[in-house]
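So you can see what is in the structure, the chains are spelled out below.
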Amino acid sequence: MSAPSVLPGSVARVPRFGARHVFERNVLSQRRQWLAVVSGFFEPLFYLLSLTVGVSRLVGPLPGPDGRPISYQAFVAPAMLAASAMNGAITDGSFNFYMKLRHAKVFHAIRATPIGPLDIALAEVASSMARGGGYAVAFLAIMGGMGLLDSWWAVLALPAALLVGLAFAAIAIAATTFVTQWVQLEWVMLLQLPIFLFSGTFYPLSRYSESVRPLVEISPLYHGVALLRGLTTGAVGPGLWWHVVALFGFGALGLVVAARRLSRILVD
């Protein structure tokens, strides 16, 4: 029986919510790779445990977001939560995304369907956010068990961590569209480490010199740390909205760049 012919001038119907189908494909493809998915959660956890056991005994209380003194554990824990969300988003948005884009040619196959570059970009950002969000859920449970959630505002820590994941997922995916060789992904690790160390994670912004502070304040992780630290310690005020807007801005910019880059790459 011959295949049905396509009438001249007919147009394939673009599926609604095409990003959903790509997202479902990502979930199904990674369900047997759970060990690789969860491995990135442990780095910030080990940092938190080591600081709790050792360094916290040497460091006294630090000024919290509202000026009240808080323990060093309570100061560092939300930063590790933000870093956990960042790690998941960057890993999925760089190495995994590069494999699908340049080697497996997954997106070229998807692009042969009515699903467009924006759908692909949205789905990949959502997948990276989901990975970072999974890390955040586990990390929040550990913080709760350690008594490091000092306010009911902490119920908003998970949405805030997802917002951190959005920012880093979109940035990582946009940046990875410019990568053409595996070795170039080493730049991801090279940039990720200083972002982790110098975003107000281990000591207050006031400890940085005046010349360095503007560089710290443009880091997406700094905004994520400040937002989560305010929520978990109960230091909530209008100033937190600036961090929300900044993280949304990073996410929107990365998503636009990623969609435009994919539209160029996938026509080759």
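Not measured: the values here are computed from a predicted model.

Novice: What should I look at first to understand the layout of surface pockets in this one?
Specialist: Where empty space is left can be seen by rolling a probe of water-molecule size over the atoms. Considering only enclosed or pocket space, the second largest pocket measures out at about 370 Å³ in volume. Of all elements in the fold, only α4 (72-103), α7 (157-176) and α8 (186-197) reach the threshold of two or more residues within the lining of the second largest pocket. For the lining of the second largest pocket, the per-class residue count stands at 11 nonpolar, four polar and no charged.

Novice: I would appreciate a short explanation of the side chain of Ser128 in the present structure.
Specialist: Along the chain, Ser128 falls in helix α6 (residues 117-145). We classify Ser128 as buried; its relative accessible area is 0%. With residues up to four places along the chain from it excluded, the contact list for Ser128 reads Gly88, Ala89, Asp92, Gly93, Ala169 and Ile173.

Novice: I'm lost on a nonpolar patch on the surface in this one. Help?
Specialist: Together, Trp152, Trp153, Val155, Leu156 and Val236 make up an exposed nonpolar region whose accessible area comes to about 580 Å². Its location among the elements puts Val155 in the loop between α6 and α7. Among the residues examined, Val155 registers a relative accessible area of 58% and is labelled exposed.

Novice: What am I meant to see in the packing of α4 against α6 here?
Specialist: To characterise two packed helices, one gives the angle between the axes of the helices and the distance between these axes. Direction vectors running N to C along α4 and α6 enclose 150 degrees, while the axes themselves pass 8 Å from each other. Judged on the interaxial angle alone, α6 and α4 are roughly antiparallel. Seen from above, α4 lies across α6 with right-handed handedness. Within the contact of α4 with α6, the residues separate by chemical class into 12 nonpolar, nine polar and four charged.

Novice: Would you take a moment to explain the nonpolar core for this structure?
Specialist: Among soluble globular proteins, nonpolar side chains are generally buried collectively. With 64 residues, the main nonpolar core has Met80, Leu81, Phe107 and Leu227 as its most contacted residues. Mapped by element, the contributors of at least two residues to this core are α1 (18-30), α3 (42-53), α4, α5 (106-111), α6, α7, α10 (220-233) and α11 (240-265). No other element matches α4, which puts 16 residues into this core. Apart from residues no more than four positions distant in its own chain, Leu81 is found in contact with Ala136, Phe139, Leu140, Met143, Ala157 and Leu228.

Conventions adopted
- Residues numbered from 1 in each chain as written.
- Predicted model: local features only at pLDDT ≥ 70, side-chain atom pairs only at ≥ 80, totals over all residues.
- Heavy atoms only, no water.
- 1 Å grid on protein atoms, 1.4 Å probe; cavity = no way out; pocket = protein on both sides within 12 Å on 5 of 7 lines; lining within 4 Å.
- Points joined across faces, edges and corners; volume = space filled by probe spheres on them.
- Helix = DSSP H or I, 4+ residues; strand = E, 2+ residues; numbered from the N terminus.
- Nonpolar A, V, L, I, M, F, W, Y, C, P; charged D, E, K, R; others polar.
- Buried < 20%, exposed > 50% of the residue type's maximum accessible area, 1.4 Å probe, protein only.
- Contact = heavy atoms within 4.5 Å.
- Patch = residues over 30% accessible without salt bridge, like charges linked within 9 Å, V, L, I, M, F, W, Y side chains within 5 Å.
- Areas by Shrake-Rupley, 256 points an atom, 1.4 Å probe, with all protein chains shown as cover.
- Salt bridge = Lys/Arg side-chain N within 4 Å of Asp/Glu carboxyl O.
- Axes fitted to C-alpha atoms, helices over the stretch in contact; angles between N-to-C directions.
- Parallel < 35°, antiparallel > 145°, perpendicular 65-115°, else oblique.
- Left-handed = near helix turned anticlockwise from the far one by under 90°.
- Core = buried A, V, L, I, M, F, W, Y, C linked by side-chain atoms within 4.5 Å.

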